[in-house]
Every structure is written in structure tokens, then in C-alpha cells.
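Observations on chain architecture
The chain contents come next:
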Amino acid sequence: MTDLRIRPAMADDLDTVLAFWKTAAEGTSISDDRDGVERLIARDPEALILAELEGELVGTVIAGFDGWRCHLYRLAVHPERRRRGIGSALLAAAEERFVRLGGRRGDAMVLRRNETAHHAWRAAGYTPEEHWRRWVKPLAD
């Protein structure tokens, strides 16, 4: 896929990204709004990575690094563009970013019910850690 362009998101991309997630991402998050994504790229301008083909957004991943851990969120590929290497290219870019920043292990948030994603993550070399459980507490209404 030689014409695939991988790049960090810019402020002008946010509405497109949010609309894309409604089509391509599984589930929703409390942070799936303009304010949430604006905060992300203001704090870490390279964290939201986009994949484009001929100017069209075809994939995303959030590669967040807090100085301690490498977290992957919102790996999403347009349903009509899956199984063409886009997700792999996004993960490679995220992993390269983590290594550059000194990260040693990536982890991904993957919905338990999203079997399609489980296959993709396994194919990329990730394995579930069943002994961990995510604990959450909403901080705002």
C-alpha cells in the first residue's frame, strides 16, 4: 500500500476523525467529543495518528505515552478498507513512536465483545492479559 499516508492529526482533522469513529470504531468513549480530542492533541500533538489514502481518512490509532506506559486506543480502519495492511501500518507507526520515546511495552484497550479486533490484535503480536481488569470511575457528569 505505497500511497498510504501516515501522519499525526491536526486541529483541522477533529470533526472528520469524530465522524469517522462513528463509522469505523467499535463502541464509544466518554472522550469521543471535540473537547476530548482537542485536549489530547494539545497535550500530545503526535498521539493521534491518521492513515489516509488519496486524502481520505481510512484509519486511526491513539498512541498515548505518559512517560511510564504505552497505551493504544481507537485503532479503527474503515470497514470497506480492512484487511489491506492499514491497521498494521498504524500499529507500526505507534510502536515506532513508543520506542522513540523510551517505551518498552504497548497495551491496548479492546472491547471484550469485539472478536474481529481480537483477531487483528493477535495477528499484530499482542496477547490478552486475563489476570487484569480495568477499573473506571467517571469524573464528570
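Description of the structure in this document. Since the structure is predicted, the reported quantities are computational estimates derived from the model, not experimental observations.

Some words on the packing of helix H1 (residues 14-24) against helix H2 (residues 34-43)
Two elements in contact, H1 and H2, have axes whose closest approach is 10 Å; the angle formed by their N-to-C orientations is 120°. As summarised for this structure, H1 and H2 are arranged oblique, according to the angle between their axes. Note that H1 runs across H2; the crossing there is right-handed. Across the interface between the two elements, Leu14, Asp15, Leu18 and Trp21 of H1 pack against Arg34, Val37, Glu38 and Ile41 of H2. In terms of residue class, the contact of H1 with H2 is built from five nonpolar, no polar and three charged.

Notes on helix H3 (residues 86-101)
In this model, H3 (16 residues) spans 23 Å end to end at C-alpha, consistent with the 22 Å of a helix rising 1.5 Å per residue. Among the residues of H3, those classed as buried are Ile86, Gly87, Leu90, Leu91, Ala93, Ala94, Arg97 and Phe98. Buried residues in H3, looked at end-on, bunch into an arc of 160°, giving them a common side. Counted as exposed and oriented over 90 degrees from the buried face of H3: Ser88, Glu96, Val99 and Arg100.

Quick notes on the rules
- Residues numbered from 1 in each chain as written.
- Predicted model: local features only at pLDDT ≥ 70, side-chain atom pairs only at ≥ 80, totals over all residues.
- Heavy atoms only, no water.
- Axes fitted to C-alpha atoms, helices over the stretch in contact; angles between N-to-C directions.
- Helix = DSSP H or I, 4+ residues; strand = E, 2+ residues; numbered from the N terminus.
- Parallel < 35°, antiparallel > 145°, perpendicular 65-115°, else oblique.
- Left-handed = near helix turned anticlockwise from the far one by under 90°.
- Contact = heavy atoms within 4.5 Å.
- Nonpolar A, V, L, I, M, F, W, Y, C, P; charged D, E, K, R; others polar.
- Expected span 1.5 Å × (residues − 1).
- Buried < 20%, exposed > 50% of the residue type's maximum accessible area, 1.4 Å probe, protein only.
- Arc of directions from axis to C-beta.

Spatial relationships are all this shows, so hold off on functional conclusions.
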